[in-house]
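# Summary of the model geometry
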Amino acid sequence: MIYIYAIICVIGIAIGQILFKLSSISLASTGSLFTPKVLLPLSVAVFLYGLTTVGWVWILKYIELGKIYPIMALSFAIVPIGAYFIFNERFNLQYGIGILLIISGIILSTNR
């Protein structure tokens, strides 16, 4: 069950990254940090980062860091996939292979 909580934290961090990108796009179009279009996604991202940090500390109360930390690498897969669907960003075949290797490494390192 602790791995599920860790994956939830990673998803929260990935969503935060996507919200940071939304903020930067809005900042580029408005030119001001102090508009709702920029501040709303930025505030939600910072809140998610804070919440997931507290969640991660709670997780570390129950499991060794070395055993759970490889789960954090999932963000390297989730964020680009999200960027592909949300921002229409492209990534090449090599990056796709890298994502598969990351996921394989997570499975190998967390499998007992």
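See the structure shown above.
First, a word on what this report is: a plain description of the structure on this page. (Residues numbered from 1 in each chain as written. Predicted model: local features only at pLDDT ≥ 70, side-chain atom pairs only at ≥ 80, totals over all residues. Heavy atoms only, no water.)

## Digging into the overall build of the protein chain
A count of helices and strands for the protein chain gives five helices and zero strands. Helices and strands in the protein chain line up, N terminus first, as α-α-α-α-α. The 112 residues of the protein chain split such that 31% are buried. Across the protein chain, every contact between residues at least 6 apart in sequence was considered, and the portion connecting residues at least 24 apart equals 67%. (Helix = DSSP H or I, 4+ residues; strand = E, 2+ residues; numbered from the N terminus. Buried < 20%, exposed > 50% of the residue type's maximum accessible area, 1.4 Å probe, protein only. Contact = heavy atoms within 4.5 Å.)

## Re the packing of aromatic side chains
For the structure shown, the criterion picks out six aromatic pairs. An aromatic cluster is built from Tyr84, Phe85, Phe91 and Tyr95, whose rings are joined through pairwise contacts. (Phe/Tyr/Trp six-rings, centres within 6.5 Å; stacked < 30°, edge-to-face > 60°.)

## Some remarks on a nonpolar patch on the surface
Nonpolar side chains collect at one region of the surface, where Met1, Ile4, Tyr5, Ile8, Trp58 and Tyr62 lie side by side and expose about 660 Å² of accessible area between them. A per-element tally of the nonpolar patch places helix H1 (residues 2–30) first, with three residues. Tracing the sequence through the fold places Ile8 in helix H1. (Patch = residues over 30% accessible without salt bridge, like charges linked within 9 Å, V, L, I, M, F, W, Y side chains within 5 Å. Areas by Shrake-Rupley, 256 points an atom, 1.4 Å probe, with all protein chains shown as cover. Salt bridge = Lys/Arg side-chain N within 4 Å of Asp/Glu carboxyl O.)

## Section: H1
With 29 residues, H1 should cover 42 Å at 1.5 Å per step; its first-to-last C-alpha distance of 42 Å lies within 8% of that length. Turning to H1, its buried residues are Ile2, Ala6, Cys9, Val10, Gly12, Ile13, Ala14, Gly16, Ile18, Leu19, Ser23 and Ser26. As for H1, its buried residues are in contact with helix H2 (36–60), helix H3 (65–68) and helix H4 (75–87). Residue Gly31 follows H1 closely and has a positive phi angle near 80°. (Expected span 1.5 Å × (residues − 1).)

## Considerations on unusual backbone geometry
In the Ramachandran plot, Asn88 falls in the positive-phi region, its phi being about 60° despite a non-glycine side chain. Relative to the helices and strands, Asn88 resides in the loop between H4 and helix H5 (93–110).

## A few points about the packing of H4 against H5
At their nearest, the axes of H4 and H5 sit 9 Å apart, and the two run at 145° to each other. For H4 against H5, the interelement crossing comes out left-handed. Facing H4, whose interface residues are Phe76, Ala77, Pro80 and Ile81, H5 presents Tyr95, Ile99, Ile102 and Ile103. A breakdown of the residues in the contact of H4 with H5 according to their chemical character gives eight nonpolar, no polar and no charged. (Axes fitted to C-alpha atoms, helices over the stretch in contact; angles between N-to-C directions. Left-handed = near helix turned anticlockwise from the far one by under 90°. Nonpolar A, V, L, I, M, F, W, Y, C, P; charged D, E, K, R; others polar.)

## Things to note about H4
The terminal C-alpha atoms of H4, which comprises 13 residues, lie 17 Å apart, in line with the 18 Å expected from a rise of 1.5 Å per residue. Those residues of H4 not exposed but buried are Ser75, Ala77, Pro80, Gly82, Ala83 and Phe87. In this structure, the buried side of H4 is in contact with H1 and H5. In the segment just after H4, Asn88 is the residue with positive phi, at about 60°.

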